[in-house]
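# Report on the structure
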Amino acid sequence: MRKKKVSVVISCYNEENNVPVVVEAIHANLRETNYNYEIIAVNDGSRDRTQEVLETLAQTDDKLFFIELSRNFGHQNALKSGLDLSSGDCVISMDADMQHPPEMLPVLLKQWEEGYDIVYTRRAEDKSLSKMKRKSSKWFYRILNSISDIKLEEGTADFRLMDRRAINVIANFKGSDLFIRGIVTWMGFKQKDIIYTPNKRFSGETKYTVKKMLNLATQGILSFSTKPLKMAVYFGFAVALLSILFIPYAAISLYTGHVMAGWVSLILSVSLFGGLQLIVLGVLGLYIGSIFSQSKGFPTYIVRSTNLNQNEE
Ligand code: UDP
Ligand code: MG
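We now turn to the structure provided with this report. (Residues numbered from 1 in each chain as written. Chains lettered and ligands numbered in written order. Predicted model: local features only at pLDDT ≥ 70, side-chain atom pairs only at ≥ 80, totals over all residues. Heavy atoms only, no water.)

### Some details on the sheet that holds strand 3 (residues 64–69)
Worth spelling out the cut-off: At least two bridges found by DSSP between two strands is the condition for calling them paired. We count a stretch as a helix when DSSP gives it H or I for four or more residues in a row; a strand needs E for two or more, and each element gets its number in order from the N terminus. In this description, a line fitted to the C-alpha atoms serves as the axis of each element, helices being fitted only across the stretch in contact, and the angle between N-to-C directions of two axes falls anywhere from 0 to 180 degrees. Contact criterion: two residues are considered in contact whenever any of their non-hydrogen atoms come within 4.5 Å of each other.
If you trace the eight strands from one edge of the open sheet to the other, you get 7-5-6-4-1-2-3-8, paired in mixed fashion. Strand pairing shows two members of the sheet lacking a second neighbour, strand 7 (191–196) and strand 8 (303–306), which therefore form its edges. For this sheet, the mean angle separating the axes of adjacent strands, direction not counted, is 20°. The sheet contacts of helix 1 (residues 18–30) involve strand 1 (5–12), strand 2 (36–43), strand 3 and strand 4 (90–95), and relative to strand 1 the element is tilted by about 165°. Sheet strands touched by helix 2 (residues 50–60): strand 1, strand 2, strand 3 and strand 8. Its angle to strand 3, the strand with the most contacts, is close to 150°.

Here's what the structure looks like:
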């Protein structure tokens, strides 16, 4: 019988010191198993020696393949290039910094063998983080989930196993603002979650700045929900109704002669509503921007070089 093939995709942005370690750890966890496997490292436009390291390793490692992107396209797009070019019966995606423990690979595979199409992971609550941080992360998810149409579970990242069936669905997504976590939730299939304890980053520092995280969250909302637009409509109605209540108030004040001097109330309402209108316009703008980038139909990543034989299977 043909051995099943597993593809492991790691996305690397300036991870020169992590790559050898994570590749070796993946081997250590898959070598003894009964699977045929490939490791696909996507170099997402690194500015350090990541590419050189990958090429050197690949010379003596027939299971290691690299995809060099022409520039930095961001984690989600980099990941997609790896998924697109993978050929395994299932694909596992993980970070290159050892935070996603490679010892989990056999655990994920076991669930796959039991018939799950998607085995996703959730980070155990990190007790070393301050209470404040944990609370704020909870609230972040709560707010995100109330605005968006799909529900995201706290602590899920791009560390998961997907069956070929699911990978084929993702390959058909041509969207420019890719949010794989959302697609996975939206997609359905038989899903199973697994809790894991993350390691510390092996080397280097996080590439996800607050700005990048906010961008990701915005994409998560924009690409899966029109709730913000509806909220603007409801809000407009509420304010309009409230201002109707002002008519009798104004009439009575006029009649009883208690008319306010007016400057403060005018300037406040003008600036308040000016601000609110700009916010609502901005929300509209975000949606239009997303239509704009979608309509251009630019590729979401460009491969500069790869040692993957794309006609292999
Ligand atoms: N990454 C990437 N492109 C980017 C930013 C990050 O491929 O533009 C990769 C990075 O090399 C790592 C993974 O995405 O393998 C997660 O990034 P990071 O560890 O910096 O995020 P954190 O774990 O701190 O959230
Ligand atoms: Mg990390």
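Here the narrative resumes.
### Points about the packing of aromatic side chains
As a reminder, the rule being used: Note on aromatic contacts: the rings of Phe and Tyr and the six-membered ring of Trp form a pair at centre separations within 6.5 Å, being stacked when their planes are under 30 degrees apart, edge-to-face when over 60 apart, and tilted otherwise. Partly exposed residues are those whose accessible area sits between 20% and 50% of the maximum for their type, while under 20% is buried and over 50% is exposed, using a 1.4 Å probe and protein chains only.
If you walk through the whole model with that rule in mind, you get three aromatic pairs. Relative to Tyr196, the ring of Phe159 has its centre 5.3 Å away and its plane inclined at 90°; by these criteria the two rings are edge-to-face. Taken as a pair, Phe159 in strand 6 (residues 156–163) and Tyr196 in strand 7 lie far apart in primary sequence, 37 residues in all. Side by side, Phe159 and Tyr196 carry an identical accessibility label, which is buried. With a centroid separation of 5.8 Å and an interplanar angle of 90°, the aromatic rings of Phe173 and Trp186 are classed as edge-to-face. Linking Phe173 in the loop between helix 6 (164–171) and helix 7 (180–187) with Trp186 in helix 7, this pair joins segments that are 13 residues apart in sequence.

### Digging into the packing of helix 3 (residues 75–85) against helix 6
Note the following rule: When an angle is under 35 degrees it counts as roughly parallel; over 145 it counts as roughly antiparallel; between 65 and 115 it counts as roughly perpendicular; any other value is oblique. By the definition used in this description, the sense in which the near helix is turned from the far one sets the handedness, with an anticlockwise turn below a right angle giving left-handed and a clockwise turn giving right-handed. All amino acids are sorted into three groups, where Ala, Val, Leu, Ile, Met, Phe, Trp, Tyr, Cys and Pro are nonpolar, Asp, Glu, Lys and Arg are charged, and the leftover types, Gly among them, are polar.
It is at 9 Å that the axes of helix 3 and helix 6 come closest, and there the two elements cross at 125°. As judged from the angle between their axes, helix 3 and helix 6 are oblique. When the axes of helix 3 and helix 6 are compared, the crossing they make is left-handed. Seen from helix 3, the contacting residues are Lys80, Leu83 and Asp84; seen from helix 6, they are Ile167, Ile170 and Ala171. When grouped by side-chain class, the residues that make up the contact of helix 3 with helix 6 number four nonpolar, no polar and two charged.

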